[in-house]
Amino acid sequence: ISKNNYTDTADQGDDYLCSICYERGIDDLIYVVDVLYTQKPMEDTEPMTALMLERNGTTLSRIESNNGGKGFARAVRRLVSGASIRWFHQSNNKESRILTNAPLVTDKIIMPFDWQLRFPEFYRDTIKYKRLFKANKHDDSPDTLTGIVEKEINKRSCLLYTSDAADDMQCVDI
C-alpha cells in the first residue's frame, strides 16, 4: 500500500486549495483518507497541508507548481519530515482532462463512507460538477481527483508487439 497526496494550490481569488491524501491498494483502487479543501491564503494552507501529510503518514506528495505552487511545495517540504515533496507543471487543458478521465475517477477512486460530513464543500463541488464547464462555480475538486487518476492510473502505457495475444503485450512505465 502506498500513501500519497496530490495538491492543487490556490494562490488567490475564488479558487480552493485542494489537497487529497489517499492510499493505493494492491487492488489497484485509490482510497481517499483525508481532504483539505479551503479558500484560506497560502500562508495558512502551507502548515495545514504539512500537518495533514504528517497525520496521514504520506510518503509522496505531488504538488502542482502552477499559480505559486512551487513556492508552496518548498514551504511544505521545510515543514514535513518523512515525505517526498515533488512539484510539477500542469499545462494540459483542464476541461478536457476532467471530462476524459471522469469514468476512471468514478471507477477507481473510493471515498470514505462519511465524506459528505467530513468534507462538505469538497463533497458539494464534486457531486454537483456539471459537464458544461462554464456552469461550474468551482472545478478544484474534480481537477484534483483527475490529477490523482492521471498520476496513479494513466502513468502506464501499453505497447502491442507482434500479435493480439495477451502474451505479446507489455506495459511500460512512462
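Below, the structure is looked at part by part. (Residues numbered from 1 in each chain as written. Predicted model: local features only at pLDDT ≥ 70, side-chain atom pairs only at ≥ 80, totals over all residues. Heavy atoms only, no water.)

**Focus: the overall build of the chain**
Okay, step 1: From N to C terminus, the chain includes 6 helices and 8 strands.
Okay, step 2: Shown N-terminal to C-terminal, the secondary structure of the chain runs as helices and strands in the order β-β-β-α-β-α-β-α-β-α-α-α-β-β.
Okay, step 3: Contacts spanning at least 24 positions in sequence make up 57% of the contacts within the chain whose residues lie at least 6 apart. (Helix = DSSP H or I, 4+ residues; strand = E, 2+ residues; numbered from the N terminus. Contact = heavy atoms within 4.5 Å.)

**Examining the pattern of salt bridges**
Okay, step 1: Overall, the coordinates contain 9 salt bridges when judged by the stated rule.
Okay, step 2: One salt bridge in this structure joins Arg97 and Glu150, with 2.9 Å as the shortest N-O distance. Pair noted here: Arg97 is in helix H3 (residues 94-108) and Glu150 is in helix H6 (residues 140-152), with a separation of 53 residues, a long-range link.
Okay, step 3: Among the charged side chains, a network of salt bridges with common partners joins Arg24, Asp28, Arg62 and Glu152. (Salt bridge = Lys/Arg side-chain N within 4 Å of Asp/Glu carboxyl O.)

**Regarding a positive patch on the surface**
Okay, step 1: Together, Lys70, Arg74, Arg77 and Arg78 line one region of the surface with positive charge.
Okay, step 2: Here Arg78 shows up in helix H2 (residues 69-79). (Patch = residues over 30% accessible without salt bridge, like charges linked within 9 Å, V, L, I, M, F, W, Y side chains within 5 Å. Areas by Shrake-Rupley, 256 points an atom, 1.4 Å probe, with all protein chains shown as cover. Lys, Arg positive; Asp, Glu negative; His and termini not counted. Charge placed at Lys NZ, Arg CZ, Asp CG, Glu CD.)

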